[in-house]
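# Descriptive analysis of the structure
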Amino acid sequence: MAINGIAPGVMAEEAKDMGAAMIYYSTDYVFDGTKNTHYTENDQPNPKNIYGKTKLAGEEAITSVGVDHLIFRTSWVYGLHGKNFLLMMQRLAKERE
């Protein structure tokens, strides 16, 4: 919670004091995954686990400061194991022109 939930609010306060905007990378885990269609930024978050709860807390902390910001809810970006965007692109680069 300290890193994902509290620190973004502190960074947002600093950005606001400096007159800077902020970009925050969150996660699709702020949603529970039960919707049958794609989620939009207008859908009500319902975190599926502790990680999603901490990332949502970070989003809320940033929003409450009132700093200009963008929040990206990403998924499947990178990791050493499993299925993810990075490994998929590396595999496709080997298989295709």
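Preceding this paragraph is the structure being described.
Read on for a plain summary of the structure. (Residues numbered from 1 in each chain as written. Predicted model: local features only at pLDDT ≥ 70, side-chain atom pairs only at ≥ 80, totals over all residues. Heavy atoms only, no water.)

The volume enclosed by the largest pocket comes to roughly 190 Å³. Together, Asp28, Phe31, Tyr39, Thr40, Glu41, Asp43, Glu59, Ile71, Phe72 and Arg73 line the largest pocket. The greatest single-element share of the lining of the largest pocket, amounting to three residues, is contributed by strand S2 (residues 69–74). Counted by class, the lining of the largest pocket contains four nonpolar, one polar and five charged residues. (1 Å grid on protein atoms, 1.4 Å probe; cavity = no way out; pocket = protein on both sides within 12 Å on 5 of 7 lines; lining within 4 Å. Points joined across faces, edges and corners; volume = space filled by probe spheres on them. Helix = DSSP H or I, 4+ residues; strand = E, 2+ residues; numbered from the N terminus. Nonpolar A, V, L, I, M, F, W, Y, C, P; charged D, E, K, R; others polar.)

On to the packing of helix H1 (residues 2–18) against helix H2 (residues 50–65), then. Describing two packed helices takes the angle between their axes plus the distance from one axis to the other. At a minimum axis separation of 7 Å, H1 and H2 run at an interaxial angle of 20 degrees. Taken together, the axis directions place H1 and H2 in an arrangement best described as roughly parallel. Classified by chirality, the crossing of H2 by H1 is right-handed. In contact with Asn4, Gly5, Pro8, Gly9, Ala12, Glu13 and Lys16 of H1, H2 contributes Tyr51, Thr54, Lys55, Ala57, Gly58, Ala61, Ile62 and Val65. (Axes fitted to C-alpha atoms, helices over the stretch in contact; angles between N-to-C directions. Parallel < 35°, antiparallel > 145°, perpendicular 65-115°, else oblique. Left-handed = near helix turned anticlockwise from the far one by under 90°. Contact = heavy atoms within 4.5 Å.)

Turning our attention to the pairing of S2. Taken together, the six bridges between strand S1 (residues 22–27) and S2 define a ladder with parallel strand orientation. Its bridge partner lying in S2, Met22 is registered against His69. The parallel pair S1 and S2, bridged by H2, forms a crossover whose chirality is right-handed. (Pairing = 2+ DSSP bridges. Right-handed = clockwise from strand over helix to strand, strands pointing away.)

Let's shift gears to the packing of aromatic side chains. Under the counting rule described, the total for this entry stands at three aromatic pairs. Ring centres of Tyr25 and Phe72 lie 5.5 Å apart, and the angle between their planes is 25 degrees; on these two criteria the pair is classed as stacked. Of the two residues, Tyr25 is situated in strand S1 and Phe72 in strand S2; the sequence distance between them amounts to 47 residues. In this structure Tyr25 comes out as exposed when scored by relative accessible area, which is 51%. Ring centres of Tyr29 and Tyr51 lie 6.0 Å apart, and the angle between their planes is 75 degrees; this geometry places the pair in the edge-to-face category. A residue pair is termed long-range when its members are at least 10 positions apart, and Tyr29 in the loop between S1 and H2 and Tyr51 in helix H2 qualify at 22 residues. Its relative accessible area of 33% is what places Tyr29 among the partly exposed residues. Residue Tyr51 is classed as partly exposed on the basis of its relative accessible area of 41%. (Phe/Tyr/Trp six-rings, centres within 6.5 Å; stacked < 30°, edge-to-face > 60°. Buried < 20%, exposed > 50% of the residue type's maximum accessible area, 1.4 Å probe, protein only.)

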